[in-house]
Amino acid sequence: MSTVQGRLRIAVQKSGRLADRSLDLIRDAGLKWVKGHNDLLYRVENYPIDLLRVRDDDIPTFVADGVCDLGIVGENVLEEGKNGGANASIVMPLGFGRCTLKIATPPTLAYEGPASLDGLRIATSYPKILRKYLNDNGVSADIVTMRGAVEVAPRLKLAAAICDLVSTGATLEANGLQAKDTVLESQAVLIQSPIAPEPGLQHLLDSIVERMAGVVSSQGAKYVMLNAPRASLDQITAILPGAGSPTVMPLMGRDDAVAVHAVCQEAVFWETLEKLKAAGASAILVLPIEKMM
Ligand SMILES: Nc1ncnc2c1ncn2[C@@H]1O[C@H](COP(=O)(O)OP(=O)(O)OP(=O)(O)O)[C@@H](O)[C@H]1O
Ligand SMILES: O=P(O)(O)OC[C@H]1O[C@H](OP(=O)(O)OP(=O)(O)O)[C@H](O)[C@@H]1O
Ligand SMILES: [Mg+2]
């Protein structure tokens, strides 16, 4: 049973790249709080829930140990934090904090795949993930663990190559390094404790998870309404991105045309609207979706 009496706890990053988006998700799931004087804990007012604000590295352990029931953390940190004991499990990917853990090398190093790293020193903040990657590829190399500024290691002759997070590639470029093989694709994930909350809180936990799933699946989703000539209905439906089966309704006084309503799960770009128009669609409206269940 969870260690906290009468309240659920959700662990989120206190400050950093995931902090704002994590709180946005929790707010969108219907939880309300006011920032109090207690920086570590935000007390949710409308449910018996506390938000524990910590360093992201601590989140997997807190959730694995049942100190927190849920947590939001990068897959990279979750993977690196795994130990022999019971681990937190991934409930769902959240679609933000996307980045890639990559091997990167200076142009002076001839790199033709992981085997080129044999016998070299590699700097990283993710020694466990890197060690597994090297073992899986049959490579024997030294790992230098650095907390940050990993990109400077080759310049300081501390390591011949690095293994670090990349998203735009700007940091690598600024340090004269080139991205090579991918070690891990990562994004923020919702994680759940292997230790059940006290029985009276299980229903609340399930409902929060379901609401978060609704928020995540409605992110980027749009409600599209348009009028379409009957003759081009199939063509127009095919253009709507990720729409499944749209609702088709008669238009008063028009036998040749119908109204089409569809939930598009993927982004609706201007290019899509132009294609719809070219296929004969008119009166196209694209509306945001606030909630989906
Ligand atoms: N360049 C990036 N683009 C997108 N997501 C990233 C990027 N770099 C890191 N992330 C993701 O965001 C997470 C948090 O990154 P951040 O830099 O805030 O971590 P941190 O400095 O370790 O923070 P903390 O103080 O909580 O330990 C990373 O673990 C990763 O999942
Ligand atoms: O490919 P890019 O878009 O340049 O992003 C990559 C950089 O982002 C992360 O660091 P961050 O900026 O979060 O700083 P930190 O390592 O000091 O936390 C990561 O450690 C890289 O250094
Ligand atoms: Mg950290």
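Remember, it's a predicted structure, so these values are computed and weren't measured experimentally.

K.L.:
How should the sheet that holds strand 3 (residues 49-54) be read in this particular structure?
P.N.:
Across a sheet, paired strands are connected by hydrogen bonds in the backbone, their directions being either parallel or antiparallel. The six strands are arranged 2-3-1-4-11-5 in an open sheet whose pairing can be described as mixed. Looking at which strands have only one partner, the edges of the open sheet turn out to be strand 2 (41-43) and strand 5 (89-93). Each strand of the sheet is rotated relative to its neighbour by a mean of 25 degrees, with strand direction disregarded. Two elements, strand 4 (residues 70-74) and strand 11 (residues 188-192), share five bridges in a ladder whose sense is antiparallel. Bridge assignment links glycine 74 to a residue of strand 11, and that residue is alanine 188. The sheet strands contacting helix 6 (residues 199-218) are strand 1 (8-13), strand 3, strand 4, strand 5 and strand 11, and the helix crosses strand 5 at an angle near 35 degrees.

K.L.:
How should I be thinking about the side chain of histidine 261 in this particular structure?
P.N.:
Within the element layout of this structure, histidine 261 appears in strand 14 (residues 254-264). Among the polar contacts listed, one links the side chain of histidine 261 to the side chain of tyrosine 223, at a separation of 3.1 Å. In contact with histidine 261, other than residues within four places in its own chain, are Tyr223, Val224, Met225, Pro246, Thr247 and Met249.

K.L.:
Hey, could you run me through the site of ligand 2 in this one?
P.N.:
In the neighbourhood of ligand 2, the contacting residues comprise Arg17, Glu151, Asp164, Leu165, Val166, Ser167, Thr168, Gly169, Ala170 and Thr171. Arginine 17 has a polar side-chain atom sitting 2.6 Å from an oxygen atom of ligand 2. The backbone of alanine 170 places a nitrogen or oxygen atom 3.5 Å from an oxygen atom of ligand 2. Starting from 490 Å² of accessible surface for ligand 2 in isolation, the protein chains cover 60%. For the shell around ligand 2, the secondary structure elements donating two or more residues are strand 9 (161-166) and helix 5 (170-174). Among the residues forming the shell around ligand 2, the class breakdown is three nonpolar, four polar and three charged.

K.L.:
Looking at this structure, I do not really get the environment of isoleucine 90. What am I missing?
P.N.:
Within the secondary structure layout, isoleucine 90 lies in strand 5. Residues isoleucine 90 and arginine 17, 73 residues apart in the sequence, show an inter-C-alpha distance of 19 Å.

K.L.:
When you look at the confidence of the model for the protein in this model, what are you seeing that I'm missing?
P.N.:
The predicted structure's coordinates, where accompanied by low pLDDT, should not be read in detail. Per-residue pLDDT for the protein averages 95, and the proportion of residues at 70 or more is 99%. Per the prediction output, this complex has pTM 0.90; the corresponding ipTM is 0.96.

K.L.:
How should I be thinking about the UniProt feature "domain: ATP phosphoribosyltransferase catalytic" (unreviewed entry) in the protein in this particular structure?
P.N.:
Under the UniProt annotation, "domain: ATP phosphoribosyltransferase catalytic" (unreviewed entry) lies at residues 55-213. Annotated as residues 55-213, this span is 26% helix and 28% strand, and its ends, taken at the C-alpha atoms, are 24 Å apart.

Cut-offs and rules
- Within each chain, residues carry numbers counting from 1 in the order of the written sequence.
- The naming scheme follows written order: chains are lettered A onward, ligands numbered 1 onward.
- Two thresholds apply to this predicted model, a pLDDT of at least 70 for residue-level local features and 80 or more for giving and counting side-chain atom pairs, whereas whole-chain, interface and lining totals are computed over all residues.
- Side-chain numbers here rest on the full set of heavy atoms in the structure, without hydrogens or water.
- Here the rule is simple: two strands pair whenever DSSP picks up at least two bridges between them.
- By definition, any uninterrupted DSSP run of H or I lasting at least four residues is a helix, any uninterrupted run of E lasting at least two residues is a strand, and each is numbered from the N terminus.
- Helix axes are fitted to C-alpha atoms over the stretch in contact, other axes to C-alpha atoms as well, and angles between N-to-C directions run from 0 to 180 degrees.
- Contacts: residue pairs with any heavy atoms within 4.5 Å of one another.
- By the criterion applied in these results, polar contacts are pairs of N or O atoms within 3.5 Å in which, for protein atoms, one can donate a hydrogen and the other can accept it, and in which residues neighboring in sequence qualify only through two side-chain atoms.
- Residues are classed as near a molecule or strand on a simple rule: at least one heavy atom within 4 Å of it.
- Surface accessibility follows the Shrake-Rupley procedure with a 1.4 Å probe radius. Residue values consider only the protein chains on display as shielding.
- Under the scheme applied here, ten amino acids are nonpolar (Ala, Val, Leu, Ile, Met, Phe, Trp, Tyr, Cys and Pro), four are charged (Asp, Glu, Lys and Arg), and all others, including Gly, are polar.
- Confidence of the predictor at the level of single residues is given by pLDDT, which spans 0 to 100.
- UniProt positions are given in the numbering used here, feature names are shortened, and annotations may be inferred rather than shown by experiment.

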